[in-house]
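Topology and contacts: notes
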Amino acid sequence: MSDPNKKNEELTEYAGGWMTERKGTEVPGFLKLAFPVIGLGATSYFILYMNGEVSHDERGPLVRLFNQATTSADGLMYVVAAMALVFVVTVILFSIRKSKHEE
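Scope of this entry: the structure provided in the associated data block. Owing to the predicted nature of the structure, the values given are computational and were not obtained by experimental measurement.

What follows covers a nonpolar patch on the surface. On the surface, Leu40, Leu85, Val89, Leu93 and Ile96 cluster together into a nonpolar patch covering about 430 Å² of accessible area. Take the nonpolar patch: its biggest share by element is four residues, from helix 4 (residues 74-96).

Shown next as structure tokens:
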């Protein structure tokens, strides 16, 4: 019969218990690749299309006209994109760093 207290000592909980980490395990390789690809793709998509799809043949003139009628918030959009990029870098560093239990 195993001791339940010993089993709980091997687990580390994050986000109030929604995520758990078992001692000696690491982040799977596909997640180490998926996090930067998805995060950088989403951030670049945000930057490319932050003012709409102005180069589209059919919608482009309407989008450009709408952009002229309203004020653009490019500064705010770049701040949000920078925050997203910082988040992506933080997640990447978290996924590749060694666990506290492995040291």
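After that view of the structure, there is still more to cover.
What follows concerns the pairing of strand 1 (residues 11-14). Across four bridges, the pairing between strand 1 and strand 2 (residues 19-22) is antiparallel. Note on strand 2: the bridge partner recorded for Thr12 is Glu21. Following strand 1, the chain reverses through four residues before pairing antiparallel with strand 2; Ala15 in that reversal takes a positive phi of roughly 55°.

Attention now moves to the packing of aromatic side chains. Enumeration over the complete set of coordinates arrives at two aromatic pairs. Between Tyr14 and Phe94 the ring centres are 6.0 Å apart and the planes differ by 90°, which places this aromatic pair in the edge-to-face class. With Tyr14 in strand 1 and Phe94 in helix 4, this pair connects stretches of sequence that are 80 residues apart. Overall, Phe94 belongs to the partly exposed group, its relative accessible area being 42%. Judged by centre distance (4.9 Å) and plane angle (50°), the ring pair of Tyr45 and Tyr49 falls under tilted. Looking at Tyr49, the relative accessible area reads 39%, which means it is partly exposed.

Moving on, we come to the environment of Ser95. Along the polypeptide, Ser95 turns up in helix 4. Here Ser95 falls in the buried class, since its relative accessible area comes to 5%. Here the alpha-carbon distance between Ser95 and Val27, two residues 68 residues apart in the chain, equals 6.0 Å. With near-sequence residues (within four places) excluded, Ser95 lies in contact with Val27, Lys32 and Phe35.

Conventions we followed
Residues numbered from 1 in each chain as written. Predicted model: local features only at pLDDT ≥ 70, side-chain atom pairs only at ≥ 80, totals over all residues. Heavy atoms only, no water. Patch = residues over 30% accessible without salt bridge, like charges linked within 9 Å, V, L, I, M, F, W, Y side chains within 5 Å. Areas by Shrake-Rupley, 256 points an atom, 1.4 Å probe, with all protein chains shown as cover. Salt bridge = Lys/Arg side-chain N within 4 Å of Asp/Glu carboxyl O. Helix = DSSP H or I, 4+ residues; strand = E, 2+ residues; numbered from the N terminus. Pairing = 2+ DSSP bridges. Phe/Tyr/Trp six-rings, centres within 6.5 Å; stacked < 30°, edge-to-face > 60°. Buried < 20%, exposed > 50% of the residue type's maximum accessible area, 1.4 Å probe, protein only. Contact = heavy atoms within 4.5 Å.

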